[in-house]
Every structure is written in C-alpha cells, then in structure tokens.
Amino acid sequence: MRPPFLPALLPALFTMLTTSLMSGCASAGAARAEASAGQTATLPDSCAPFVGRRAWMNTDPSATRVGTTVRVRAWVREEGGPPEFIPAACMRDWKILPEGAARLSPDRTELIIGADAPAGQKLLVTAEAPGGFVFMESLLIGREEIVLTGHWVQAEIDCPAGPGPRETIRELEFDTEGRFSVTWYPFETYKDYWGDVRFDAGGKTLALTVTGGNNRQPDLLLSGSAEIDGDGRLVLDGFYLGDHRPEAPPTPCRYVFRKS
C-alpha cells in the first residue's frame, strides 16, 4: 500500500527534477556560448565582418599539380554580390589529407604541394572560419599532365564558314568526375546545359555528350581537337557550342578559353 502522502509529493518532486535539468542544460549552453565567445574574442578585429556567415574555400588555380604552389583562400558572399575574401589571420585549425601531400605557407595564403604527392588522389583541406567549418577538395595531378578540370571563360572565337554565335560563353566548366557544363550568364548554380566528357590527352581530341539542361541547344557540334596552348589556354577546334539565343545555323568554330 502506497503512503498517503506520496501523491501530494509527486508534483513537487517533478518540479524539482525539471528545474534541475533545465538549470543543467542552461549551464551547459552558457558554457558553450562562453567558449564560442572566447574563441571569437581571440580573433583580430578584421574578422568581425565574417563572424556567423557561411564561408567557402578553394585554390587558385583549381588544379593542384604536384610540386607546385597554389593560392588558397576562403570567402563569404551575399546573394548576388561579389565574394568577400576572409583574411588568413581569421582562419584556424587547418588540416590537410593525405598527410604529407601538401603544407601551408607560413602566412597561410598558399598551399605548397609536395613533389611526391600522390597524383590521381583527391586533396582535402579543411579549416575553421569565423562562421564555421569550411573545406575544399581538389584532384592531385601530375606536373606535366593535361587536364581540363576547372572553370574557363571564352577569350576568342573564329568561325571561318559563318557568322558564328553572338554571345560569349562566360563559363565552360569541367569537373573531376568527367562532366561538363556550358553557361552564358552564370548566376549562383544556374547552368544552360551539361553532360559527359571524353578527352584523349594523347590524341588531343574531345567529345561532349549533352545529358540535360535549362537551355538545351539545337544542332551542336561537340567533337573535335582540344589542346592546352603555351599560354595555358584551352583551344577547341571544330566545335559549335551554341548561342544563348540561337539565330544562325551551326558552323564549326575555333574557340579559345582562358582559366577564370
């Protein structure tokens, strides 16, 4: 038989337990907030505009060749606005994998790729920005290896047999998974069309296959010669990659792209 006073005590016991748990959670939350505030307080004043804002990170150029040095930087961006680059002094807790494949320069603005870094593997770089964790992945490639990976912008075009397209391609992108995309007016993640890539570096030939798009182009010419010239530009010959608003019939053209 339960003691007659137990039901009367239950609400009081429940209140005490709830109050204790809430107090503990509040203390833990306060401790976390205090630690975060303390970490923020150790940053230079120049880092204040980046606190609490989502950040991204990449290397320039995007291809990381073994035995070379590339610039590494993080940035934030408001919708539709230009990138705001985060000072290196605001970045903490850098990590690089595979271990020993690369190291940061003393001022933490460059990534020095080892001469014996494992070409063909992906390089992972992580860091803590004022707004939180950031990371980037990049394919490690041989010093003399020809790769298309990255963002290219049209620099020249020559179409001997016709007028050619009126609009300049402002973004031709190749990723590390064998895919491409074409965009005339880049905006956030928008692409005009995209597809798969077959590139023979030895034979200097390229073939593209469209698999989807927001602006599917008619009568494209997507195979021909492709090479990187002495100035590091991508030269495509025999291609017609379309026009933002096609009017003239397709004609083979020689495109020259530079890295963006």
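Located above this text is the structure these notes cover.
Small disclaimer: the values here were computed from a predicted structure and weren't measured. (Residues numbered from 1 in each chain as written. Predicted model: local features only at pLDDT ≥ 70, side-chain atom pairs only at ≥ 80, totals over all residues. Heavy atoms only, no water.)

(A) Geometry of the overall build of the protein chain. The helix and strand inventory of the protein chain stands at one helix and 17 strands. Looking at the protein chain as a whole, 34% of its 260 residues qualify as buried. Across the protein chain, every contact between residues at least 6 apart in sequence was considered, and the portion connecting residues at least 24 apart equals 46%. On the protein chain, roughly 15100 Å² of surface is accessible, and the fraction owed to carbon and sulfur atoms is 55%. (Helix = DSSP H or I, 4+ residues; strand = E, 2+ residues; numbered from the N terminus. Buried < 20%, exposed > 50% of the residue type's maximum accessible area, 1.4 Å probe, protein only. Contact = heavy atoms within 4.5 Å. Areas by Shrake-Rupley, 256 points an atom, 1.4 Å probe, with all protein chains shown as cover.)

(B) Up close: the nonpolar core. Grouped together as the largest cluster of nonpolar side chains are 27 residues, with contacts concentrated most on Met57, Ile86, Met91, Leu111, Leu123 and Val125. Those elements that provide at least two residues to this core are strand E3 (69–76), strand E5 (92–97), strand E7 (110–113), strand E8 (122–129) and strand E9 (132–141). The contact partners of Val125, leaving out residues within four places of it in the chain, are Met57, Trp94, Lys95, Ile96, Leu111, Val134, Phe135 and Met136. With 24 residues, the next largest nonpolar core counts Ile169, Leu206, Leu222 and Phe257 among its residues. (Core = buried A, V, L, I, M, F, W, Y, C linked by side-chain atoms within 4.5 Å.)

(C) Region of the structure containing the sheet that holds strand E17 (residues 253–259). Strand order in the closed barrel made by the eight strands is E10-E11-E12-E13-E14-E15-E16-E17, with antiparallel pairing throughout. With direction set aside, neighbouring strand axes in the sheet form an average angle of 35 degrees. Examined bridge by bridge, strand E13 (residues 193–200) and strand E14 (residues 205–213) share eight bridges and lie antiparallel to one another. Among the inter-strand pairings, Trp194 is bridged to a residue of E14, identified as Gly212. (Pairing = 2+ DSSP bridges. Axes fitted to C-alpha atoms, helices over the stretch in contact; angles between N-to-C directions.)

(D) Quick peek at the sheet that holds E8. Taken in spatial order, the four strands of this open sheet run E2-E9-E8-E5, and their pairing is mixed. A single partner strand is all that each edge strand has here, and the edge strands are strand E2 (64–65) and E5. For E2 and E9, the ladder comprises two bridges, and the chain directions are parallel. Bridged to Arg65 within E9 is Ile141.

(E) Examining the packing of aromatic side chains more closely. Applying the stated criterion across every chain yields a total of four aromatic pairs. Relative to Tyr193, the ring of Phe180 lies with its centre 6.1 Å away and its plane at 80 degrees, an arrangement referred to as edge-to-face. Placement of the pair is Phe180 in strand E12 (residues 179–183) and Tyr193 in strand E13, with a sequence separation of 13 residues. Of the two residues, Phe180 and Tyr193, neither departs from the other in class, the shared state being buried. Judged by centre distance (5.8 Å) and plane angle (15 degrees), the rings of Tyr255 and Phe257 are stacked. Of the two residues, Tyr255 and Phe257, both sit in the buried class. Linked through ring pairs, Phe180, Trp184 and Tyr193 together constitute an aromatic cluster. (Phe/Tyr/Trp six-rings, centres within 6.5 Å; stacked < 30°, edge-to-face > 60°.)

(F) Structural detail: the pairing of strand E1 (residues 56–60). Residue alternation in E1 divides its side chains into a buried set, Met57 and Thr59, and an unburied set, Trp56, Asn58 and Asp60. Sheet topology places E1 next to E3; five bridges connect them, and they run antiparallel. In the strand pairing of E3, Trp56 is matched with Trp75.

(G) Highlighting unusual backbone geometry. Of the consecutive residues Leu97 and Pro98, the connecting peptide bond is found in the cis state with omega at -5 degrees. Positioned with a positive phi, Arg108 is a non-glycine residue whose angle comes to about 60 degrees. Taking the relative accessible area as the measure of exposure, Arg108 reaches 28% and is therefore partly exposed. The backbone of Asp219 sits at a positive phi, close to 55 degrees, despite the residue not being glycine. Position of Asp219 among the secondary structure elements: in the loop between E14 and strand E15 (223–228). Residue Asp219 is classed as exposed on the basis of its relative accessible area of 56%.

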